[in-house]
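Descriptive analysis of the structure
Spelled out, the chains give:
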2 protein chains.
Amino acid sequence: VDAAALAGAAARNGQLTKPPGALGRLEDLAIWAGGWQGTDKPHCDRPQVIVFAGNHGVVAQGVSAFPAEVTVQMVGNFHAGGAAINQLSKAFGASMSVHALELDRPTADFTRGAAMDEAEVVAALATGWNAVDAGADLVVVGEMGIGNTTPAAALAAALFGGGGASWVGRGTGVDDAGLARKARVVDAGLALHAAVLGDALEVMRCLGGRELAAMAGAIARARALRIPVILDGFICTASAAVLEKTVAGALDHCVAGHLSAEGAHGKLLSALGKEPLLNLGLRLGEGSGAALAIGVLKGAIACHSGMATFAEAGVSGA
Amino acid sequence: VDAAALAGAAARNGQLTKPPGALGRLEDLAIWAGGWQGTDKPHCDRPQVIVFAGNHGVVAQGVSAFPAEVTVQMVGNFHAGGAAINQLSKAFGASMSVHALELDRPTADFTRGAAMDEAEVVAALATGWNAVDAGADLVVVGEMGIGNTTPAAALAAALFGGGGASWVGRGTGVDDAGLARKARVVDAGLALHAAVLGDALEVMRCLGGRELAAMAGAIARARALRIPVILDGFICTASAAVLEKTVAGALDHCVAGHLSAEGAHGKLLSALGKEPLLNLGLRLGEGSGAALAIGVLKGAIACHSGMATFAEAGVSGA
């Protein structure tokens, strides 16, 4: 982060025509964005939404309410402009790109072996890395992948401890039996891959998925480019956590867009020290919660960079 | 509300390409907006932000951290485009109008008499009523008025009971002594006007203010026109509460945009049965929290009205 820009943005904030602190968290957001963008007047004119899609061998264990063919069908829906993330991207002036990662070749069932081999996880990370537009001033990453709350729960359990039951949720809508099955599947994965649980990138390879690795790759690239990132829900946050566990502070350029209704998201955000901007009960994925939070960031930045100072406006201070 | 449109919007929501309920509160918001707009595909293309400004005799009691001249200075800032509400209105594509209500003639100090006479409160209500654009598809009302958290606290106390201390807050930033003074001032107002506390419109006249009455007038007009309204913070909500106490259900076309950091706002929203959309520590007024929530409503409506159905997209259901 650019310390001079951070200080400049904080100084500017103190001169704007409002009582000190009256814009609450919007003030912190704008200063933080300025620090990463390297300016005392941050901007949000070129937000980029990137959606990654993947399929999961672990679906064979009955962990999802929807059939696996929905992944490719929803990718078609993204390309046709019919999904929630298309509408949200458009509403907030974001470009949107979709990357389908070998949908006809699901990852391996992680209860029987590693989800990906080295070449596969590297290819997925690189797809994410290369998907970021270097000219973007804000990045949102989202995902689509039937069954992917299960690998996300496996990542969270591997990285932060606790059994499967403490990290699985209802995803797109499994019943109690499905929830119990997900917990058993995660526990089986943790047992099979016990030897790698101390190595976050190996955890991604053995228990993750292609779209999860791609999100991590994109978040890392945004960091290299000093572009602020809004994290989405449980799956995005679990993928991002792999970076934080690899290098502490790796997510300092990320803000949590929302608190998902997916059970363990709040616990995962707390473990990362992230306070969500929104809490509206979303649990769709696709980057939808983060895309909705673009509006909050746009508002924060518009106030910070567009408001008059007390001196400019001739307004008396307190 | 249009029951057929409400049912149509709910039916449409059930067919969209997402797991049932996965957009959380966005789904309820879109259906609600459809019901008021009388369509199964609500829109948010012409949001209107209206800011009312007034001055308050009670400022003589030392209830604000800022001098009274700031009201007219900030109106100048609104006209020049330099305030937070200007940036937020622009960011969310809203028109913005400003109505300064006799700033050189403050209301009377309510600890010594009625804040307004009948002609004055009627004129203020009418200003609000006439300020609403009949072609708007969403209305936000905001205010500017140095000292106006004190009349707002007086309204809340008069309408919902409890002494001044349970409703006053720090406003733009008074210290502990200022806070205690505000409570005593509210209590003095409640004592002086004890005879009218059962009549909400008389409460507005005796304890309120011009911009508070104007906000109530605008919210009532939006109801007559079936335009959804986003409520702002403590002062806006207290003004709106006068309508609810006059006719139960009068605020069914209103959603709470945010939870203000002004102390008693949460209690006031609870008393009205309203759950805020945002909670970001704002306490600026001007309609800023509600304007920020336009983004949430835009996102909800964009998803609801723009998404493909399962049949349209050829996506398999659960």
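On a predicted model such as this, the values are computed, not experimentally measured, just so you know.

Here's the deal with the sheet that holds strand β3 (residues 138–144) of chain A
Residue and element names in this part refer to chain A. Judged by pairing direction, the sheet is parallel, and its 5 strands sit side by side in the order β2-β1-β3-β4-β5 without closing on themselves. The open sheet is flanked by β2 (95–100) and β5 (254–256), the only strands paired with a single partner. On average, adjacent strands in this sheet sit at an angle of 25° to one another, irrespective of strand direction. Looking at chain direction, strand β4 (residues 229–231) and β5 are connected through 3 bridges and run parallel. Bridge assignment links L231 to a residue of β5, and that residue is A256. Contacts between helix α5 (residues 118–131) and the sheet are confined to β1 (47–53) and β2, with β1 contributing the most and set at about 160° to the helix. Packed on one face of the sheet, helix α9 (residues 210–224) meets β1, β3, β4 and β5 and runs near 175° to β3.

Focus: the relation of the copies chain B and chain A
The transformation that overlays chain B on chain A combines an axial shift of 0.0 Å with a rotation of 180°, and the residual RMSD is 0.0 Å. Expressed as an axis order, the relation between the two copies is that of a two-fold axis. Relative to the rotation axis, the C-alpha of B:G295 is the closest in chain B, positioned 2.7 Å from it. Most of the interface of chain B is mirrored in chain A: 100% of its interface residues are interface residues there too.

Section: the pattern of salt bridges
Residues and elements named next belong to chain A. Evaluation of the coordinates by the stated rule reveals 18 salt bridges over all chains. We note a salt bridge from K18 to E27, for which the minimum N-O separation is 3.1 Å. Judged on exposure class, the residue K18 and its partner E27 are both buried. A salt bridge links E120 to R210, with the nearest nitrogen and oxygen atoms 3.4 Å apart. Here the residue E120 occupies a position in helix α5, and R210 occupies one in helix α9, the gap between them amounting to 90 residues. For the pair shown, E120 and R210 are each scored as buried. Within the structure, one salt-bridge network assembled from shared partners comprises E102, R105, E120 and R210.

A closer look at the confidence of the model for chain A
On average, residues of chain A carry a pLDDT of 97, and 100% of them reach 70 or more. In the predicted complex, the global pTM is 0.97; the interface-specific ipTM is 0.96.

With respect to helix α11 (residues 265–272) of chain A
All names here are of chain A. Those residues of α11 that fall on the buried side of the exposure criterion are H265, L268, L269 and L272. Angular distribution of buried residues about the axis of α11 spans 100°; they occupy a single face of the element. Those residues of α11 that are buried lie in contact with α6 (149–160), α10 (234–246) and β5. Where α11 ends, the next residue or the one after it, G273, has phi of about 70°, a positive value.

Side note on the UniProt feature "active site" (unreviewed entry) in chain A
Residues and elements named next belong to chain A. When the UniProt feature table is mapped onto this chain numbering, "active site" (unreviewed entry) sits at E286. If we ignore the near neighbours within four places in the chain, the residues touching E286 are V51, M74, F78, A83, A84, I85, G142, E143 and D232. A polar contact of 3.1 Å, which involves the side chain of E286, links it to the backbone nitrogen of I85.

Looking at the sheet that holds strand β4 (residues 229–231) of chain B
All names here are of chain B. Read across the sheet, 5 strands follow the order β2-β1-β3-β4-β5 without closing on themselves; strand pairing throughout is parallel. In this open sheet, the two strands that pair with only one neighbour each are β2 (95–100) and β5 (254–256). Neighbour-to-neighbour, the strand axes of the sheet open up by a mean angle of 25°, direction not taken into account. As paired elements, strand β1 (residues 47–53) and β2 share 6 bridges and run parallel to each other. Across the sheet, the residue bridging to F52 is H99, located in β2. Packing of helix α9 (residues 210–224) onto the sheet brings it into contact with β1, β3 (138–144), β4 and β5, and relative to β3 it is tilted by some 175°.

Observations regarding the environment of B:W32
All names here are of chain B. Considering the arrangement of structural elements, one finds W32 in helix α2 (residues 25–37). Linking W32 and L6, residues 26 residues apart in sequence, is a C-alpha distance of 6.8 Å. Once you skip the residues sitting within four places of it in the chain, W32 turns out to touch L6, P228, V229, D252, H253, C254, V255 and L297.

The rules behind each value
Residues numbered from 1 in each chain as written. Chains lettered and ligands numbered in written order. Predicted model: local features only at pLDDT ≥ 70, side-chain atom pairs only at ≥ 80, totals over all residues. Heavy atoms only, no water. Pairing = 2+ DSSP bridges. Helix = DSSP H or I, 4+ residues; strand = E, 2+ residues; numbered from the N terminus. Axes fitted to C-alpha atoms, helices over the stretch in contact; angles between N-to-C directions. Contact = heavy atoms within 4.5 Å. Least-squares fit on C-alpha atoms with pLDDT ≥ 70 in both. Salt bridge = Lys/Arg side-chain N within 4 Å of Asp/Glu carboxyl O. Buried < 20%, exposed > 50% of the residue type's maximum accessible area, 1.4 Å probe, protein only. pLDDT = per-residue confidence, 0-100. Arc of directions from axis to C-beta. UniProt positions renumbered as here; feature names shortened; annotations may be inferred. Polar contact = N/O pair within 3.5 Å; in protein donor to acceptor, adjacent residues only side chain to side chain.

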